[in-house]
Amino acid sequence: MAKEKEIKTNAMRILDRMKIPYTHYTYECDEFIDGMQIVEKLNLKPEQVYKTLVTQGHSKAYFVFVIPVEEELDLKKAAKAVGEKSLEMIHVKDINQITGYIRGGCTAVGMKKQYKTVIDASAQTLQTMIVSGGRIGSQIELTPEDLAKAANAVFAEIIA
């Protein structure tokens, strides 16, 4: 029987092209579930799993933040990190139009456009971190440095 070909996401194709090693995890899921449910489904350490959030600044520019799944984004710290007066979360219905990804499958790598991206500084203490693989049911594990390289991101203290 032929081996099933793994369907790569845009994020995975970019990592492959950049020769960045990663581990791909999949889980069964038909609709959005939150990060803690993913942690449980895949039996992961919560401190290793990060979520991707998209905001819009006072200037109308979009910004991407990657933070621990159990934490909240501090909008004041995040605004300071990207040089904005203020930030607000984008509406869930706008995620696909802005990023090319859907809620629950949004990752900092391979969005429609390259937005200024900040990864919480806590990631720098980890050997590897786990983020969305670019679709619901897909997670990728890679080093924080490799994620920063692939997403053209910087590290800063951005959680509450």
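Structural data are supplied above this passage.
The rules we used
- Residues numbered from 1 in each chain as written.
- Predicted model: local features only at pLDDT ≥ 70, side-chain atom pairs only at ≥ 80, totals over all residues.
- Heavy atoms only, no water.
- Salt bridge = Lys/Arg side-chain N within 4 Å of Asp/Glu carboxyl O.
- Buried < 20%, exposed > 50% of the residue type's maximum accessible area, 1.4 Å probe, protein only.
- Pairing = 2+ DSSP bridges.
- Helix = DSSP H or I, 4+ residues; strand = E, 2+ residues; numbered from the N terminus.
- Axes fitted to C-alpha atoms, helices over the stretch in contact; angles between N-to-C directions.
- Contact = heavy atoms within 4.5 Å.

K.L.:
Residues and numbers for the pattern of salt bridges, please.
P.N.:
Taken as a whole and assessed by the stated rule, the structure comprises 2 salt bridges. Residues Asp-16 and Lys-8 are paired through a salt bridge, measuring 2.8 Å at the closest nitrogen-oxygen approach. By relative accessible area, which is 33% here, Asp-16 ends up partly exposed. Among the salt bridges present, the one from Asp-94 reaches Lys-93, with a minimum N-O distance of 3.4 Å. Overall, the relative accessible area of 63% leaves Lys-93 in the exposed class.

K.L.:
Give a description of the sheet that holds strand 5 (residues 116–120) that names residues and reports values.
P.N.:
Sheet architecture is open: 5 strands sit in the order 4-2-3-5-8, paired in mixed fashion. This sheet does not close on itself; its edge strands, each paired only once, are strand 4 (87–89) and strand 8 (153–156). Taken over all neighbouring pairs, the strand axes of this sheet differ in orientation by 35 degrees on average, direction set aside. Pairing geometry for strand 2 (residues 50–57) and strand 3 (residues 62–68), over 7 bridges, is antiparallel. Counterpart to Thr-55 in the pairing with strand 3 is Phe-63. Each of strand 2, strand 3, strand 4, strand 5 and strand 8 is contacted by helix 3 (residues 75–82), which is oriented at about 120 degrees to strand 4, the strand it contacts most. Those strands touched by helix 5 (residues 144–151) are strand 3, strand 5 and strand 8, and its axis lies near 130 degrees from that of strand 8.

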